[in-house]
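Here's the letter readout for the chains.
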Amino acid sequence: MDWFPLWNSLRVAAISTVIIFFAGVFAAYYIARLPRLVKGVLDVVLTLPLVLPPTVIGYLLLRLLGPKRVVGAWVLETFGIKLVMTWWSAIFSTTVVIFPLMYRTVRGAFEAFDETLAYSGQTLGLSNTYIFWRIRMPCCRQGVLAGMVLSFARALGEYGATSMIAGYTPGRTATISTTVYQLWQTNNDALAMKWVLVNLAISAVVLLTVNMLERRDFLVEGGRRRRRA
Amino acid sequence: MSLSVDIEKRLGSFHLQVQLEAGDEVTALLGASGCGKSMTLKCIAGIVRPDRGRIVLNDRVLFDSEQGVDLPPQKRRMGYLFQQYALFPNMTVEKNILCAIREGTAAEKRRTLAEALERFRLEGLERQYPRQLSGGQQQRVALARILCSRPEIILLDEPFSALDSYLKYQLELELSDQLSAFQGPILWVSHDRGEVFRNCRRVCVLDRGASQGTVTLEELFHRPATEAAAQLSGCKNYADAVPQGDAVLLPQWGLTLSCGRAVPADTRRVGIRAHHVRPAEGGENAFPVRVLRVVEDVFSTIVLLRPEGAAEGVPPLRMELDKETWQAISGREKLTVSVQAEDILLLRPSGERPKEDV
């Protein structure tokens, strides 16, 4: 069995999760501070990929990144890099698809964060960067981690947009999901089943991790403070 | 050292307008809940930006809308004790305090920490997380943390709102001990007149967002200037008043009471404390009343009265007596009561300041 699809899926999912960690956290942090109207509009735009069919996202990405399209042509000309039909093309599709998951989860966590902790840090002379990374993020760790695990899982399973933008080239752009489809298409049931089992195993581990994060009070404290007299 | 505040802020229909001066003593910011006390503290600390005005601490301009000065909270050097203490839940007691120590090498910081732990009786709790501490311990950590950041002023936002009254009293004694070593102004936000009376020297009354000037405790409790101030000082009875030389005419009660002093022309209301209404046989300021209702309180008896000449719909006059005094006269439906001339509080409308203060 050629393990390339597993390795490829894992690296694509890992890279997009790292990208989404920063993008989601900063979007959640700054958008929460915007005026209500702007916030509402941005919320809709940023959550759109969650409800759009992945094929629509794939289509839009092709319109944008294809070698003859605005961005794709420019990057090809300037850096000599092709943006579609390569293994890293899948990063674009998974990143767009999982962004809303991360953004929503982190925003929920940030909204539960007690702002007086940040004010208190400011009056004590702590820098805003310190407050963000050493107080806000640790307090919201549970939500942020849950968002990352969910995003990673979703990225691993992304099929529609990925197959459109990265295609299926064995040993180059194949991921677990595109491989399963390809194997089924070519009547290779036995191998397809193996990949299905691999996928099931990964999904089970992910869900267990999410449950553990949600249930266990494994971090010091959630965002909300407990009141004690 | 001193703090001088003159700020204005509009928030929807709420208009905050505060002027206050605080010296090296404990100054109370007293007001009913929702009157803008916490908002005032936040403006002073730099968490909320006022629309206009000026805040000066020890000759340092912290905020000036005209000069475009607006120092961030980090540079204002204010120790802010939040209602729920705002300890960082992800840090131990030790780290909570350490992160606030701004100056010195690691070794010096450790020494400052050790001193603070000893002074605030927190030894042994260094590795505990805030949620593992009692309310009193949390307050001590918060205070230690604030003092370690070397503030020039301390702001206390309802320091005991999270505690029950038994615990509160002990902590109040403790807090006032710990604060006594602090050199600099202390601003104490409260809605509790007892707390203010026990701990503060001067009082700034805030009524629906507007400050009513800073007065001494003595002035607030013996000569409150407005109805809002009188209410906060615990006065229960009010009536509309018309000045008449040394007396006031109270149309709602159908009475004229002598005040023993010239009544200022801007007097619109009078206030009479429930315990200043006494049963009498006659004499100055005596008037007949009807007993409406008797309420037994914990240590006293409250009697609701209706002056014989009172108009319809006027709230009853409240008299508060010790239980023995009431025992001696109870059972009667009609009484004569009196109010000493000097006990009548002459009040001008809230929000209007007398000319000499402006």
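Here the residue numbering is sequential within each chain, running from 1 through the sequence in written order. Lettering for chains starts from A, numbering for ligands starts from 1, and both go in the order in which the items are written. With pLDDT at 70 or above as the cut-off, local features in this predicted model cover only qualifying residues; side-chain atom pairs require 80 or more to be listed or tallied, and sums for whole chains, interfaces and linings still use all residues. Neither water nor hydrogens contribute to the side-chain values; these are computed over all heavy atoms in the structure.

### A look at the overall build of chain B
- Assigned secondary structure in chain B consists of nine helices and 22 strands.
- Overall, the C-alpha framework of chain B stretches about 75 × 50 × 35 Å when taken along its three principal axes.
- In chain B, buried positions account for 51% of the 358 residues.
- To measure how exposed things are, a 1.4 Å probe is used in the Shrake-Rupley method; for residues, cover is taken only from the protein chains shown. Accessible surface, chain B as shown: approximately 16400 Å² in total, 47% of it carbon and sulfur. Runs of E in the DSSP output that reach at least two residues are strands. Runs of H or I that reach at least four are helices, and both are numbered from the N terminus. Relative accessible area decides the class of each residue, using a 1.4 Å probe on protein chains only: under 20% of the type maximum gives buried, over 50% gives exposed, and in between gives partly exposed.

### A look at the nonpolar core
- Definition used in this section: a nonpolar core is a set of buried Ala, Val, Leu, Ile, Met, Phe, Trp, Tyr and Cys residues joined via side-chain atoms within 4.5 Å. In terms of nonpolar packing, the biggest core is built from 116 residues, with Val25(A), Phe110(A), Ile135(A), Leu3(B), Met78(B), Ile97(B) and Leu155(B) touching the most fellow members.
- At eight residues, the largest contribution of residues to this core is made by helix 1 (residues 4-31) of chain A.
- Contacts are assigned to residue pairs with any non-hydrogen atoms lying within 4.5 Å of each other. Filtering out sequence-adjacent residues up to four positions away, Leu3(B) remains in contact with Leu20(B), Glu21(B), Ala22(B), Ile44(B), Ile55(B), Val56(B), Leu57(B), Met78(B), Ile153(B), Pro185(B) and Leu187(B).
- Counting 29 residues, the second largest nonpolar core, distinct from the first, contains Leu255(B), Val291(B), Met319(B) and Trp326(B).

### Examining a nonpolar patch on the surface
Residues and elements named next belong to chain A.
- Taken together, the side chains of Val18, Phe22, Phe26, Tyr30 and Trp133 define a hydrophobic patch exposed on the protein surface, amounting to about 490 Å² of accessible area.
- Per element, the largest residue contribution to the nonpolar patch is four residues, and it comes from helix 1.
- As for its placement among the helices and strands, Phe22 is situated in helix 1.
- A relative accessible area of 40% means that Phe22 is categorised as partly exposed. Patches here are clusters of residues that have more than 30% relative accessible area and form no salt bridge, with a 9 Å joining cutoff for like charges and a 5 Å cutoff for nonpolar side chains (Val, Leu, Ile, Met, Phe, Trp, Tyr). Just to be clear on terms, a salt bridge is a Lys or Arg side-chain nitrogen sitting within 4 Å of an Asp or Glu carboxyl oxygen.

### Considering the sheet that holds strand 14 (residues 247-250) of chain B
All names here are of chain B.
- In spatial order, the strands read 13-14-15; together these three strands make up an open sheet with antiparallel pairing. On the outer flanks of this sheet lie strand 13 (242-244) and strand 15 (255-258), each paired with one strand and no other. Neighbour to neighbour, the strand axes of the sheet diverge by 30° on average, direction disregarded.
- Strand pairing requires that DSSP identify at least two bridges connecting the strands. Sheet analysis places strand 14 next to strand 15, joined by four bridges and oriented antiparallel. What sits directly across from Leu250, in strand 15, is Leu255. To get an axis, a line is fitted to the C-alpha atoms, and for a helix only the part in contact is used. The angle between two axes follows their N-to-C directions and goes from 0 to 180 degrees.

### Digging into the pattern of salt bridges
- Considering all chains together, one arrives at 30 salt bridges over all chains under this definition.
- Taken together, the salt bridges that share partners define one network made up of Asp43(A), Arg104(A), Arg107(A) and Glu111(A).

### Looking at the packing of helix 3 (residues 54-65) of chain A against helix 5 (residues 89-112) of chain A
All names here are of chain A.
- Contact geometry for helix 3 and helix 5: axes closest at 10 Å, N-to-C directions at 130°. Judged by the inter-axis angle, helix 3 sits oblique to helix 5. Helix 5 is crossed by helix 3, and the crossing has right-handed handedness. Between helix 3 and helix 5, the residues in contact are Ile57, Leu61 and Leu65 and Phe92, Ser93, Val96 and Val97, respectively. Roughly parallel means an angle under 35 degrees; roughly antiparallel, over 145; roughly perpendicular, 65 to 115; everything else is oblique. If you view the pair so one helix is near and one far, a crossing is left-handed when the near helix is turned anticlockwise from the far one by less than a right angle, and right-handed when it is turned clockwise.

### Structural notes on the pairing of strand 9 (residues 186-190) of chain B
All names here are of chain B.
- Burial analysis of strand 9 places five of its five residues in the buried class, which makes it a mostly covered element.
- Relative to strand 9, strand 3 (residues 26-30) runs parallel, the two sharing five bridges. When the bridges of strand 9 are listed, Leu30 appears paired with Ser190.
- Strand direction decides the pairing type here: strand 8 (residues 153-157) and strand 9, joined by four bridges, are parallel. Counted as the bridge partner of Leu155 is Leu187 from strand 9.

### Here we look at the sheet that holds strand 16 (residues 269-272) of chain B
Residue and element names in this part refer to chain B.
- The antiparallel open sheet is built from three strands, whose spatial order is 12-16-22. At either end of the open sheet lies a strand with only one pairing partner, and these are strand 12 (237-240) and strand 22 (345-347). The sheet shows a mean angle of 25° between the axes of neighbouring strands, taken without regard to direction.
- When strand 12 meets strand 16, the two strands line up antiparallel, connected through four bridges. Bridge assignment links Asp240 to a residue of strand 16, and that residue is Arg269.

### Things to note about the interface of chain B and chain A
- The partner chain A presents 24 residues to the 30 residues of chain B that form the contact.
- Here the quantity called buried area is the accessible surface, traced with a 1.4 Å probe, that two parts lose on coming together, added over both. Surface buried jointly by chain B and chain A totals about 2400 Å² across both partners, of which 62% is contributed by carbon and sulfur atoms.
- The largest contributions to the chain B side of the interface with chain A come from Gln74(B), Pro89(B) and Arg131(B), which together make up 26% of the buried area.
- Summed over the shared surface of chain B and chain A, the result is zero salt bridges.
- Any N or O atom pair separated by 3.5 Å or less is treated as a polar contact, with the protein-specific requirement of one donor-capable and one acceptor-capable atom, and with residues adjacent in sequence counted only for side-chain atom pairs. Across the contact surface, chain B and chain A share eight residue pairs in polar contact (both at pLDDT 80 or more).
- Counting only elements with at least two residues in the side of chain B that touches chain A, the list comes to helix 1 (37-45), strand 7 (78-81) and helix 4 (135-148) of chain B.

### Focus: the packing of aromatic side chains
- Aromatic pairs are defined between Phe, Tyr and Trp rings, using the six-membered ring for Trp, whenever the two ring centres lie within 6.5 Å; interplanar angles under 30 degrees are classed as stacked, those over 60 as edge-to-face, and all others as tilted. On inspection of all chains with the given rule, the structure shows 18 aromatic pairs over all chains.
- Consider the rings of Phe26(A) and Phe132(A), whose centres lie 5.7 Å apart with planes at 15°: the pair is stacked. Of the two residues, Phe26(A) is situated in helix 1 and Phe132(A) in helix 7 (residues 128-139); the sequence distance between them amounts to 106 residues.
- Residue Phe26(A) is classed as partly exposed on the basis of its relative accessible area, which comes to 30%.
- Taking relative accessible area as the criterion, Phe132(A) reaches 5% and is therefore assigned buried.
- Here Phe197(B) and Phe221(B) contribute two aromatic rings whose centre-to-centre distance is 4.8 Å and whose plane-to-plane angle is 85°, an arrangement assigned as edge-to-face. Here Phe221(B) lies in helix 7 (residues 217-222) and Phe197(B) lies in helix 6 (residues 193-199), a separation of 24 residues in the sequence.

### Regarding the state of the cysteines
Residues and elements named next belong to chain B.
- Only a pair of cysteine sulfur atoms within 2.5 Å qualifies as a disulfide here. All chains considered together, the criterion is met by zero disulfides over all chains.
- In this model Cys200 remains outside any disulfide bridge; the closest cysteine sulfur is found in Cys204, 12 Å from its own.
- Note on Cys200: relative accessible area 0%, which makes it buried.
- Cysteine Cys204 is unpaired, with the sulfur of Cys35 as its nearest cysteine sulfur at 9.5 Å.

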